[in-house]
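# Close look at the chain arrangement
In case you want the letters, here they are:
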Amino acid sequence: MRAIVTNGEGDSWEETRDRPEPSEGEVLVKIRAVGICGSDIGLIDGGGPPWKDLPVVPGHEVCAEVVKLGAGVDSPSVGDRVALHQFIYCGTCSACREGRYYQCDEIQEIGFSLDGGYREYAAVPAYTLTPIPDSVSDLEACQIDSAACTLHAMDRIDISVSDTAAVLGPGALGLFGVQLLRAKGVDDVILTGTRPERLEAGRELGANKTINVRETDPIEAIMEYTDGAGVEVCVEAAGAGDVVNTSLKVAANQGQVALTGVFDASREIDPDDIVLKELTVVGGVTAAHAVEDVIELFERGDLTVDGIVTHEFPLAEYEEALETVRNRRDGVVKAVLRP
Ligand SMILES: [Zn+2]
Ligand SMILES: [Zn+2]
């Protein structure tokens with residue numbers, strides 16, 4: 001079978017490998033769709049989490065079909081379509097016992113420390129797979145993890161229907177953020193970003209005010225829009241530039257800020273923004289326990305990948321796919337490989 005491998009030094013290449021056999025507790029799946037995440041590009045270019053183990057097959061935004069069960073596995077069933085949640089954990093350390101398995105002492109992550117979804121078949125532990133209903137498409141299923149990352153961070157703050165909210169960053173996480181805020185009943189949602197086509201997608205998905213930060217200062221524009229009060233909720237989904245500072249500046253008194261972007265370097269902020277306004281600032285880094293909720297939202301039609309998944313490529317065209325994402329060519333928001 002075909003597999004795409006990276007050494008984390010800027011290179012990726014195709015290898016021919018044997019189809020894996022599922023060990024005890026594992027399931028063999030055929031990959032149907034795998035999203036190219038910004039963190040995959042980061043891994044290929046030298047970034048990634050401390051537990052990365054190279055060379056590795058990238059890819060964690062996976063929709064697959066169950067082909068064969070290893071010993072001791074009774075679910076999912078052969079033929080089920082499933083979504084992957086990429087963390088492998090011990091289940092017995094104190095973080096695992098408290099449900100924070102993604103902070104496990106012995107964490108492994110499919111697509112970073114273990115081979116991921118940029119290949120035709122994979123054998124993975126049964127517990128990493130969630131069966132998905134027929135009404136959720138392959139493209140939606142491979143984005144469950146992205147949407148659930150945003151929802152997990154948003155679940156760490158209290159959002160009420162009368163809030164005005166800002167989403168900073170119109171990538172996949174931010175565009176899911178707009179939809180999730182609308183699904184929670186918030187009707188006043190501001191979206192900021194640099195790319196007109198992404199801001200347009202955000203308007204289609206429910207943002208009623210968009211701000212192009214290349215043309216307009218986002219802090220001034222948001223303060224003006226809210227008559228100087230600021231927003232009750234700010235979801236940061238960019239992980240770049242001075243967006244943390246913007247989040248703190250545009251938050252209202254006792255406002256809440258959820259940070260979801262992963263930054264490659266430290267950033268300067270003014271702590272008095274948090275102290276004097278009594279802000280609540282939380283971070284969120286994983287889909288955690290939000291996966292089932294996101295599946296339900298896709299089923300109900302409250303979430304869509306329209307305007308988010310903009311490109312599909314066969315696995316053999318991975319180079320073009322990666323270049324398209326890396327250089328943000330051709331209006332791409334999310335590109336998906338179809339092995
Ligand atoms: Zn991702
Ligand atoms: Zn653990």
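None of the values given here were measured: they were computed from a predicted structure. (Residues numbered from 1 in each chain as written. Chains lettered and ligands numbered in written order. Predicted model: local features only at pLDDT ≥ 70, side-chain atom pairs only at ≥ 80, totals over all residues.)

## A look at the overall build of the protein
What counts is decided by this rule: Numbering of helices and strands starts at the N terminus; helices are DSSP runs of H or I of at least 4 residues and strands are runs of E of at least 2. The exposure label follows from counting other C-beta atoms within 10 Å of a residue's C-beta, where the C-beta atoms are placed from the backbone and the thresholds are 20 or more for buried and 12 or fewer for exposed, leaving partly exposed in between. By the criterion used throughout, residues are in contact when their C-beta atoms, derived from the backbone, lie within 7 Å.
Of the regular secondary structure elements, the protein holds eleven helices and 17 strands. Here the C-alpha coordinates of the protein stretch approximately 60 × 45 × 40 Å along the principal axes. For the protein, with 339 residues in total, the buried portion stands at 47%. Looking at the protein alone, contacts between residues at least 24 apart form 70% of all its contacts between residues at least 6 apart.

## Topic: the sheet that holds strand β11 (residues 188-193)
Note the following rule: A strand pair is defined by DSSP finding two or more bridges across the two strands. Note on definitions: angles span 0 to 180 degrees between N-to-C directions of axes, and those axes are lines fitted to C-alpha atoms, for helices only across the stretch in contact.
Taken in spatial order, the six strands of this open sheet run β12-β11-β10-β13-β14-β15, and their pairing is parallel. Looking at strand neighbours, the two that pair on one side only are β12 (209-212) and β15 (280-283), the edges of this open sheet. For this sheet, the mean inter-axis angle between neighbouring strands, taken without regard to orientation, is 15 degrees. Both strand β14 (residues 251-259) and β15 contribute to a ladder of four bridges, which runs parallel. Directly across from Q256, in β15, lies its bridge partner T280.

## Looking at the environment of N253
Note on placement: N253 falls in strand β14. Of the residues examined, N253 has 11 C-beta atoms within 10 Å and is grouped as exposed.

## So, unusual backbone geometry
For the bond running from L54 to P55, omega is -5 degrees, close enough to zero to count as cis. By the element assignment, P55 lies in the loop between α1 (38-44) and β4 (61-69). Looking along the chain, the bond that leaves S75 and enters P76 is cis, with omega of 0 degrees. Mapped onto the fold, P76 is located in the loop between β4 and β5 (81-84). Unusually for a residue other than glycine, Q254 sits at a positive phi of about 55 degrees. Residue placement: Q254 occurs in strand β14. Phi is positive for A288, which is not a glycine, with a value near 35 degrees. Along the chain, A288 turns up in the loop between β15 and α10 (291-300). Classification of A288 as buried rests on a count of 20 C-beta atoms within 10 Å.

## Observations concerning the nonpolar core
For clarity, the cut-off: Each nonpolar core reported here comprises buried Ala, Val, Leu, Ile, Met, Phe, Trp, Tyr and Cys residues connected via C-beta atoms within 7 Å. Domains are outlined according to an automatic or database domain assignment.
V29 and V294 are the most contacted members of the largest nonpolar core, which totals 96 residues. Lining this core are residues from two domains, each supplying at least three of them: domain 1 (2-143 + 308-338) and domain 2 (150-283). Residues in contact with V294, not counting those within four places in the same chain, are I144, A147, A148, L151 and L303.

## Concerning the domain arrangement of the protein
In plain terms, the rule: Each residue is assigned to one class: nonpolar for Ala, Val, Leu, Ile, Met, Phe, Trp, Tyr, Cys and Pro, charged for Asp, Glu, Lys and Arg, and polar for all the others, Gly among them.
Each assigned domain of the protein is listed here: domain 1 (2-143 + 308-338) and domain 2 (150-283). The gap between the C-alpha centroids of domain 1 and domain 2 is 29 Å. Counting residues at the interface gives seven residues for domain 1 and eight residues for domain 2. Split into classes, the residues belonging to the side of domain 1 that touches domain 2 amount to two nonpolar, four polar and one charged.

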